[in-house]
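# A closer look at the structure
What follows is each chain in one-letter form.
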Amino acid sequence: MALGNLGQKVTPYVGEILQFLKDENFQHSVRSSAAQALVKLGQAVAPYLPEIANILKDEKVDADVRGSAAQALGKFGPAAAPYVGDILNFLKDEKVHYSVRSSATVALGNLGSAATPYLPDILDFVQNEKVHYSVRSSATVALSKLGQTLAPYVPDITNILHNEKVNADVRGNAALVLGKLDHAATPYLSDTVSYTHL
């Protein structure tokens, strides 16, 4: 979007862009694009992260716009740490179409170390059969981007492989996550190989 490409020239107007996001008079596709434009403005947006989080949490705001807000928060890594719980709550919201939530899972993979305190919650989430399987499958893929941050949770990820109640796509992506953890996953390699040959 053009606003994002203008860089620091639009910094003084970040607050106005946020108000624009909330305006139901505009098409949701335009408002979603504005959310993505904010990401390109970098640290100038950091003071407004609570406002972006409010958009994410506001159920009166169009679901696509809320999903874009989740993705935008994820781009700010550690600065977005206070809002990881809000992102997870959005992903669990069955009132929001699963395709929107699946797209928003990319935020989890972009959070880096900020996601560490929430890894147990995220791992519980991907095994929650009440959540649409495509959302959980996408969330598992996003986890693979967290790299060695996941090393202490290799046993938990392996348990997902063994849990036959978990959707097959989710289990398959858990195997892929283990495959990217190199030496940390070596003791569990036989589990991964056994699953991929089922």
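Predicted model, so just to flag it, every value in this text is computed and none were measured.

### Focus on the overall build of the chain
A count of helices and strands for the chain gives 13 helices and 0 strands. Counted from the first residue to the last, the chain has its helices and strands arranged as α-α-α-α-α-α-α-α-α-α-α-α-α. Long-range contacts, defined here as pairs at least 24 residues apart, represent 68% of the contacts in the chain between residues at least 6 apart. Carbon and sulfur atoms make up 53% of the accessible area of the chain, which amounts to about 9500 Å² in all.

### Describing the side chain of arginine 66
Position of arginine 66 among the secondary structure elements: in helix 5 (residues 63-74). Taking the relative accessible area as the measure of exposure, arginine 66 reaches 6% and is therefore buried.

### Quick notes on empty space enclosed by the protein
Within the structure shown, the criterion is met by 1 cavity of 30 Å³ or more. When its volume is computed, the largest cavity comes out at roughly 30 Å³. Every residue along the wall of the largest cavity is listed here: Leu123, Thr140, Leu143, Ile157, Ile160, Ala174 and Val177. Within the residue set of the lining of the largest cavity, elements represented by two or more residues are helix 10 (133-143), helix 11 (154-162) and helix 12 (168-179). Its residues assigned to classes, the lining of the largest cavity shows 6 nonpolar, 1 polar and no charged.

### Structural notes on helix 10
Of all 11 residues in helix 10, 8 are buried, a share of seventy percent or more. Tucked inside the fold, the buried residues of helix 10 contact helix 6 (84-92), helix 7 (98-104), helix 8 (106-110), helix 9 (119-126) and helix 12.

The rules behind each value
Residue numbers run consecutively from 1 along every chain, following the written order of its sequence. Confidence filtering applies because this is a predicted model: local features only for residues at pLDDT of at least 70, side-chain atom pairs given and counted only at 80 or more, and all residues used for totals across whole chains, interfaces and linings. Each side-chain value is worked out from all heavy atoms of the structure, with water and hydrogens disregarded. Helix and strand definitions follow DSSP, with helices as H or I runs of at least four residues and strands as E runs of at least two, each counted in order from the N terminus. Contact definition: two residues touch when any of their heavy atoms are within 4.5 Å. Each accessible area is a Shrake-Rupley result for a 1.4 Å probe, and residues are judged covered by the shown protein chains and nothing else. Whether a residue is buried, partly exposed or exposed follows from its accessible area with a 1.4 Å probe, protein chains only, as a fraction of its type maximum: under 20%, in between, or over 50%, in that order. Only protein atoms enter the 1 Å grid used here, on which a cavity is any set of points holding a 1.4 Å probe that cannot leave and a pocket is any open set flanked by protein within 12 Å on both sides along at least five of seven lines; residues with an atom within 4 Å of a point are listed as lining. Grid points are joined across faces, edges and corners, and a volume is the space filled by probe spheres set on the points. Residue polarity follows a fixed list, in which Ala, Val, Leu, Ile, Met, Phe, Trp, Tyr, Cys and Pro are nonpolar, Asp, Glu, Lys and Arg are charged, and the others, Gly among them, are polar.

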